[in-house]
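Okay, here's what each chain looks like letter by letter:
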Amino acid sequence: MLLAALYCLLWSFRTSAGHFPRACASSKSLMEKQCCPPWAGDGSPCGRLSGRGSCQDVILSTAPLGPQFPFTGVDDRESWPSIFYNRTCQCFGNFMGFNCGSCKFGFRGPRCTERRLLVRRNIFDLSVPEKNKFLAYLTLAKHTTSPDYVIPTGTYGQMNHGTTPLFNDVSVYDLFVWMHYYVSRDTLLGDSEVWRDIDFAHEAPGFLPWHRLFLLLWEQEIQKLTGDENFTIPYWDWRDAENCEVCTDEYMGGRNPANPNLLSPASFFSSWQIICSRLEEYNSRQALCNGTSEGPLLRNPGNHDKARTPRLPSSADVEFCLSLTQYESGSMDKAANFSFRNTLEGFASPLTGIADASQSSMHNALHIYMNGTMSQVPGSANDPIFLLHHAFVDSIFEQWLRKYHPLQDVYPEANAPIGHNRESYMVPFIPLYRNGDFFISSKDLGYDYSYLQDSEPDIFQDYIKPYLEQARRIWPWLTGAAVVGSVLTAVLGGLTSLLCRRKRNQLPEEKQPLLMEKEDYHNVLYQSHL
């Protein structure tokens, strides 16, 4: 009853955001390839009259890509967002949004000048009212149509290059489900042919930054939807868990006693309908997910393929991941060895750091363990446990960032799989965000994790040691440069001296310089002291 009352109370807040702005879904916008909607505050595109932003050309990265995707010009997501738009709002200062109408993460206020730091907490540390409020927010998001955003139901080609727009309404929650599907779907090549080895948010360097942005935007939309500016996504700390601790009716839904693949009828989530889960059907029809309901949420935790995923991750697994100093390595995909990203994602062993295609560990282990909707990548965000899980994965990423304090150039600039280079814009977000923009501490983005606040910072470990480590890495180069510089200086000095002597010896007597007067000598000496 309490959850129902909260849900009814919150229904009056009806605002949202997502990533194909409704204002840019017209044939005019698509044919002009321009998405620069007016800001309601002054009626000008991108809030230009108020100094919030301006409509500008999209500048795409020209860095080379990895060899994993051998096509060009066959997928709308290539060189995002240029297939749809080549002019968008570029916001100034701390302003953000498709029309520069909101604030950057970590800022608030009418001019986005007030800094703030929110804290994500363990779901088991929430009070009963706090936990019930979270569940009510989820239900509200599932049943509120986004007023600001729509989803495309056809490719740009199927829209006749913009002359026939194909878009559908979608709820706030399902908007994010659709985004996760769209970023990871196969490439449609025509005649039922597809290319499967492509993913703009997984199996490559962008995995962690992409999901970090995904969670931040989801969090931001719930704040707008409910008017609760202090809302944060809770996390589930699954280290050393022996079962799905959140899979109870008190939290994310227990098991249905009549059908173990369904959720308990006592759970709010038992009535949820999922979308974007039938990838093979879309591929055969060469179509996109259109947001149509496709059945109930499925989950049967623990009854999974135990040969592939013998257990849930342990504390030792997490510590091993954090011991890996390289963010990315080698081919920068799921075959990368000793890569922090690849090991945390679950394609490399958390015991050795070696890629192992026969095993699914760490992040991947949780998806496999749930044995249902969450176990298939494109539609996995249908299950709200996805949010709790990825919040904790993000916290491990944050631990690694705080441990090594990497410079931004540690994130690969070039030769990563398509969509994953540092300066590549992340699919399918509008406004535009680069992968490298989120390779920074969560504190710089306005949030922290409660369990990372518990221990006092070690100044040497957190601040001094990373700089000493960087100095150690470049020391051989500096030493070599110094030696070469010294040799060149000596050679040039010797040549200059030799030439000067020869020139003086060749001067006629009447042109030889006179000896300095004593006063002149002292003047020169004084100047040299200065």
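Conventions we followed
- Residues numbered from 1 in each chain as written.
- Predicted model: local features only at pLDDT ≥ 70, side-chain atom pairs only at ≥ 80, totals over all residues.
- Heavy atoms only, no water.
- UniProt positions renumbered as here; feature names shortened; annotations may be inferred.
- Helix = DSSP H or I, 4+ residues; strand = E, 2+ residues; numbered from the N terminus.
- Buried < 20%, exposed > 50% of the residue type's maximum accessible area, 1.4 Å probe, protein only.
- Polar contact = N/O pair within 3.5 Å; in protein donor to acceptor, adjacent residues only side chain to side chain.
- Contact = heavy atoms within 4.5 Å.
- pLDDT = per-residue confidence, 0-100.
- Disulfide = S-S within 2.5 Å.
- Core = buried A, V, L, I, M, F, W, Y, C linked by side-chain atoms within 4.5 Å.
- Axes fitted to C-alpha atoms, helices over the stretch in contact; angles between N-to-C directions.
- Parallel < 35°, antiparallel > 145°, perpendicular 65-115°, else oblique.
- Left-handed = near helix turned anticlockwise from the far one by under 90°.
- Nonpolar A, V, L, I, M, F, W, Y, C, P; charged D, E, K, R; others polar.
- Pairing = 2+ DSSP bridges.
- Expected span 1.5 Å × (residues − 1).

You'll find the chain entered in an unreviewed UniProt entry as Tyrosinase, with Capra hircus given as the organism. Heading Subcellular location (unreviewed entry) of the UniProt record for the chain holds this comment: "Melanosome membrane". Its UniProt record gives the chain a comment under Subunit (unreviewed entry), which states: "Forms an OPN3-dependent complex with DCT in response to blue light in melanocytes."

(A) Summary view of the side chain of Glu 328. Structurally, Glu 328 can be placed in the loop between α7 (315-323) and α8 (340-345). The exposure class of Glu 328 is buried, given its relative accessible area of 10%. A polar side-chain atom of Glu 328 sits 3.1 Å from a polar atom in the side chain of Ser 339. Within the local environment of Glu 328, its side chain forms a polar contact with the side chain of Arg 341, the two groups lying 2.9 Å apart. Beyond its immediate stretch of four places on either side in the chain, Glu 328 contacts Ala 204, Pro 205, Ala 336, Ser 339, Arg 341 and Pro 412.

(B) Spotlight on the confidence of the model for the chain. Per-residue pLDDT for the chain has a mean of 88; in total, 82% of the residues score no lower than 70. Under a pLDDT of 50 for its full length, residues 1-18 has, in the predicted model, 43 contacts with residues more than four places off or in other chains. Here residues 502-530 scores under 50 on pLDDT; set against residues more than four positions off or in separate chains, the count is four contacts.

(C) Molecular detail of the state of the cysteines. What the rule picks out here adds up to seven disulfides. In this model Cys 244 forms its disulfide with Cys 247; the gap between the sulfur atoms is 1.9 Å. Across the S-S bond linking Cys 244 and Cys 247, the dihedral sits near 65°, which makes this disulfide right-handed. Residue classification places Cys 244 among the buried residues on the basis of a relative accessible area of 9%. The disulfide partner of Cys 276 is Cys 289, and the S-S distance across this bridge is 2.0 Å. The sign of the S-S torsion, about -75°, decides the handedness of the disulfide formed by Cys 276 and Cys 289: left-handed. Remark: Cys 289 occurs in the loop between α6 (279-285) and α7 and Cys 276 occurs in the loop between α5 (207-226) and α6; sequence separation between them is 13 residues.

(D) Structural view of the nonpolar core. Membership of the largest hydrophobic core comes to 118 residues, with the highest contact counts inside it found for Leu 138, Trp 236, Met 252 and Phe 340. At 12 residues, helix α10 (residues 385-404) tops the list of elements feeding residues into this core. Once you skip the residues sitting within four places of it in the chain, Leu 138 turns out to touch Tyr 173, Trp 218, Met 252, Phe 269, Trp 272, Pro 384 and Leu 387.

(E) Molecular detail of the UniProt feature "domain: Tyrosinase copper-binding" (unreviewed entry) in the chain. In this structure's numbering, the residues bearing the UniProt feature "domain: Tyrosinase copper-binding" (unreviewed entry) are residues 202-219 and 383-394. End C-alpha to end C-alpha, residues 202-219 measures 21 Å, and it is 72% helix and 0% strand. In residues 383-394, helix accounts for 83% and strand for 0%; the two terminal C-alpha atoms are 18 Å from one another.

(F) Fine view of the packing of helix α9 (residues 362-370) against α10. Interaxial distance between α9 and α10 falls to 10 Å at its minimum, and their mutual angle equals 160°. Here α9 lies roughly antiparallel to α10, going by the angle between them. For α9 against α10, the interelement crossing comes out right-handed. Touching His 363, Leu 366, His 367 and Met 370 of α9 are Ile 385, Phe 386, His 389, His 390 and Val 393, all from α10. Residues of the contact of α9 with α10, tallied by class, amount to five nonpolar, four polar and no charged.

(G) Representation of the sheet that holds strand β3 (residues 87-91) within the structure. If you trace the three strands from one edge of the open sheet to the other, you get β1-β3-β2, paired in mixed fashion. In the strand order of this sheet, the two ends are held by β1 (34-35) and β2 (53-57), each with one partner. With five bridges connecting them, β2 and β3 associate as antiparallel partners. Bridge assignment links Gln 56 to a residue of β3, and that residue is Thr 88.

(H) Unusual backbone geometry, seen in detail. Cis peptide bonds are those with omega within 30 degrees of zero, and the linkage from Trp 80 to Pro 81 qualifies with 0°. Within the element layout of this structure, Pro 81 appears in the loop between β2 and β3. Cis peptide bonds are those with omega within 30 degrees of zero, and the linkage from Val 427 to Pro 428 qualifies with -5°. By secondary structure assignment, the location of Pro 428 is in the loop between α10 and β13 (447-449). Phi is positive for Gln 286, which is not a glycine, with a value near 50°. Here Gln 286 is to be found in the loop between α6 and α7.

(I) Structural view of helix α3 (residues 128-142). In this model α3 runs 21 Å from its N-terminal to its C-terminal C-alpha over 15 residues, within 8% of the 21 Å that 1.5 Å per residue would give. Of the residues making up α3, those classed as buried are Lys 131, Asn 132, Phe 134, Leu 135, Ala 136, Tyr 137, Leu 138, Thr 139, Leu 140, Ala 141 and Lys 142.

(J) Broad picture of the side chain of Glu 219. Tracing the backbone shows Glu 219 in helix α5. A polar contact is formed between the side chain of Glu 219 and the backbone nitrogen of Ile 233, at a distance of 2.8 Å. Sequence-distant contacts of Glu 219, that is, excluding residues within four places in its chain, are made with Arg 120, Phe 231, Thr 232 and Ile 233.

(K) Inspection of the pairing of β3 at higher detail. Summarising the sheet, β1 and β3 pair through two bridges and their orientation is parallel. By the bridge assignment, Cys 35 is partnered in β3 with Thr 88.

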